Amino acid sequence: MGEVNKIGVVGAGQMGNGIAHVCALSGYDVILNDMSPDALDKARETIEHNMTRQVSRDLIKLDDMKSAMSRISYSAELSSFEAVDLAVEAATEKEDVKKKIFEALCGVVPKHAYLASNTSSISITRLASVTDRPEKFIGLHFMNPVPVMQLIEVIRGLATDQETYEMALGLAKRLDKTVANAEDYPAFIVNRVLVPMINEAVYTLYEGVGTVESIDTAMKLGANHPMGPFQLADFIGLDTCLSIMQVLHDGLADTKYRPCPLLVKYVEAGWLGRKSKRGFYDYRGETPVATR
């Protein structure tokens, strides 16, 4: 099995900077790539902020943080991946975007390099099919926020070989994460269960059964969920929730996965949750205020 020492991460958003964070803390050299220099600057600030918080809570030592920060480099060019052993795509949850990234990566990364996608719903087999190494392709679905959440869903595509699977298990162990093996079906395990629950909460709101606040309170205190479904949806991003529901609806052809029209309306309005300052809650003031 090829040894992984240097990891390239494509996409410097919430998931990408989290993956870079945990990999660097575990001793890997990391290159974080994004087309946007502003996104790279923001990612650097976020990683430093999150590691500083870990130091303040005695979760890591200051020397560990300094070493990890020095192991992360930032690049707006995919050509910087010419010596990586593993390239992890953590871009937006759109299949055409991901496929273009992997097609570009194949012209840059070494022949021995593994490819992985952090997709939360899209077929690993289909993504692998556009590459020159489907046997070295695997799904590594990290949970958000990556430095806090302990799970990685590992998804083998139809062509994924045993060596690549064992590489994924070794990576997860080094990152001190727990693996859940999932078959390559739409949305895998976590989002196959979680996002339809969020969609049903939106239907409950849409039909007037309850308000945003009453539904969130009911699920937190009645089902012992740490966050209500609308708080969670805003944290995930309503566009991501909608994309996953569309993947489920298209891939399984079952009407129970039909996205709620109200969820569609919020996304069309650009009210995507925390990242746009408005979703099911309005985050522009000192405290979040329900929008319905």
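As the structure is a computational prediction, the values presented were derived from the model and not from experiment.

S.K.: Just checking my understanding: could you explain helix α11 (residues 261-269) for this structure?
M.R.: Because each turn of an α-helix spans 3.6 residues, side chains separated by three or four positions end up pointing in the same direction. Residues Leu 262, Leu 263 and Tyr 266 constitute the buried set of α11. Mapping the buried residues of α11 onto a view down its axis gives an arc of 105 degrees, with all of them on the same face. Opposite the packed face of α11, turned more than 90 degrees from it, sit the exposed residues Lys 265 and Glu 268. Of the surrounding elements, those touching the buried residues of α11 are α7 (190-206) and α10 (238-252). Backbone geometry just downstream of α11 places Gly 270 in the positive-phi region, at approximately 80 degrees.

S.K.: How do you make sense of the environment of Val 10 when you look at a structure like this?
M.R.: Inspection of the secondary structure puts Val 10 in strand β1 (residues 6-10). Measuring from C-alpha to C-alpha, the distance between Val 10 and Val 88 comes to 6.2 Å, with 78 residues separating the pair along the chain. Other than its neighbours up to four places away in sequence, Val 10 contacts Asn 33, Leu 78, Phe 81, Val 88, Glu 89, Ala 90, Ala 91, Ile 101 and Leu 105.

S.K.: Mind showing me how you'd approach the UniProt feature "domain: 3-hydroxyacyl-CoA dehydrogenase NAD binding" (unreviewed entry) in the protein here?
M.R.: Following the UniProt record, the feature "domain: 3-hydroxyacyl-CoA dehydrogenase NAD binding" (unreviewed entry) maps to residues 6-184 here. Each end of residues 6-184 is marked by a C-alpha atom, and these two atoms are 27 Å apart; helix forms 40% of the span and strand 22%.

S.K.: Honestly, the nonpolar core in this entry has me stumped. Any pointers?
M.R.: Buried together is how nonpolar side chains tend to be arranged in soluble globular proteins. Within the largest apolar cluster, 40 residues are counted, with the highest numbers of intra-cluster contacts made by Ile 7, Leu 32, Leu 86 and Leu 140. If we ignore the near neighbours within four places in the chain, the residues touching Leu 86 are Val 4, Lys 6, Ile 7, Gly 8, Tyr 114, Leu 115, Ala 116, Met 167 and Leu 171. By size, the runner-up hydrophobic cluster in this structure holds 26 residues, among which are Leu 205, Phe 230, Leu 242 and Ile 244.

S.K.: Got a minute to help me understand the side chain of Asp 282 in this structure?
M.R.: Inspection of the secondary structure assignment puts Asp 282 in strand β9 (residues 281-282). Owing to a relative accessible area of 16%, Asp 282 belongs among the buried residues under this scheme. Non-local contacts of Asp 282, meaning those with residues more than four positions away in its chain, are made with Lys 277, Thr 287, Pro 288, Val 289 and Thr 291.

S.K.: It is not clear to me how the environment of Ile 7 should be interpreted in this structure. Could you clarify?
M.R.: Note that Ile 7 resides in strand β1. Not counting residues within four places of it along the chain, the set of residues in contact with Ile 7 comprises Cys 23, Tyr 28, Asp 29, Val 30, Ile 31, Val 84, Leu 86, Val 88 and Leu 171.

S.K.: What is the right way to read the packing of aromatic side chains from this model?
M.R.: For any pair of aromatic rings, the description consists of the separation of the ring centres together with the inter-plane angle of the planes. Evaluated as defined, the whole model comprises 6 aromatic pairs. Above the plane of the ring of Tyr 74 lies Arg 44, whose end atom (NZ or CZ) is 4.2 Å from the centre. The positively charged end of Arg 174 is found above the aromatic ring belonging to Tyr 28, 3.8 Å away from the centroid.

S.K.: Please explain the packing of α7 against α10 as it appears in this structure.
M.R.: Describing two packed helices takes the angle between their axes plus the distance from one axis to the other. Running from amino to carboxyl end, α7 crosses α10 at an angle of 110 degrees, the nearest separation of the two axes being 10 Å. Looking at the two axes, α7 sits roughly perpendicular to α10. The hand of the α7/α10 crossing is left-handed. Contacts between α7 and α10 involve Asn 191, Arg 192, Val 195, Pro 196, Ile 198 and Asn 199 from the former and Cys 241, Ile 244, Met 245, Leu 248 and Leu 252 from the latter. Of the residues belonging to the contact of α7 with α10, the class tally is 8 nonpolar, 2 polar and 1 charged.

S.K.: Which parts of the structure should I look at to understand the pattern of salt bridges?
M.R.: Pairs can form between side chains of opposite charge whenever their charged atoms are close. Here the structure, examined in full by the defined rule, presents 10 salt bridges. Put simply, Arg 44 and Asp 41 hold a salt bridge, and the shortest N to O gap is 3.3 Å. Note that Arg 44 and Asp 41 are positioned in helix α2 (residues 37-56) at a spacing of 3 residues, about one turn of the helix. Overall, Arg 44 belongs to the partly exposed group, its relative accessible area being 33%. Asp 239 serves as the salt-bridge partner of Lys 275, at 2.9 Å between the closest nitrogen and oxygen. Of this pair, Lys 275 sits in the loop between α11 and β9 while Asp 239 sits in helix α10; the two residues are 36 residues apart in sequence, bridging distant segments of the chain. By relative accessible area, Lys 275 is classed as exposed at 54%. The exposure class of Asp 239 is partly exposed, given its relative accessible area of 22%. Because the salt bridges share partners, they merge into one network encompassing Glu 89, Glu 93 and Lys 98.

Procedures and definitions
Residues numbered from 1 in each chain as written. Predicted model: local features only at pLDDT ≥ 70, side-chain atom pairs only at ≥ 80, totals over all residues. Heavy atoms only, no water. Buried < 20%, exposed > 50% of the residue type's maximum accessible area, 1.4 Å probe, protein only. Helix = DSSP H or I, 4+ residues; strand = E, 2+ residues; numbered from the N terminus. Arc of directions from axis to C-beta. Contact = heavy atoms within 4.5 Å. UniProt positions renumbered as here; feature names shortened; annotations may be inferred. Core = buried A, V, L, I, M, F, W, Y, C linked by side-chain atoms within 4.5 Å. Phe/Tyr/Trp six-rings, centres within 6.5 Å; stacked < 30°, edge-to-face > 60°. Lys NZ or Arg CZ within 6 Å of the ring centre and 35° of its normal. Axes fitted to C-alpha atoms, helices over the stretch in contact; angles between N-to-C directions. Parallel < 35°, antiparallel > 145°, perpendicular 65-115°, else oblique. Left-handed = near helix turned anticlockwise from the far one by under 90°. Nonpolar A, V, L, I, M, F, W, Y, C, P; charged D, E, K, R; others polar. Salt bridge = Lys/Arg side-chain N within 4 Å of Asp/Glu carboxyl O.

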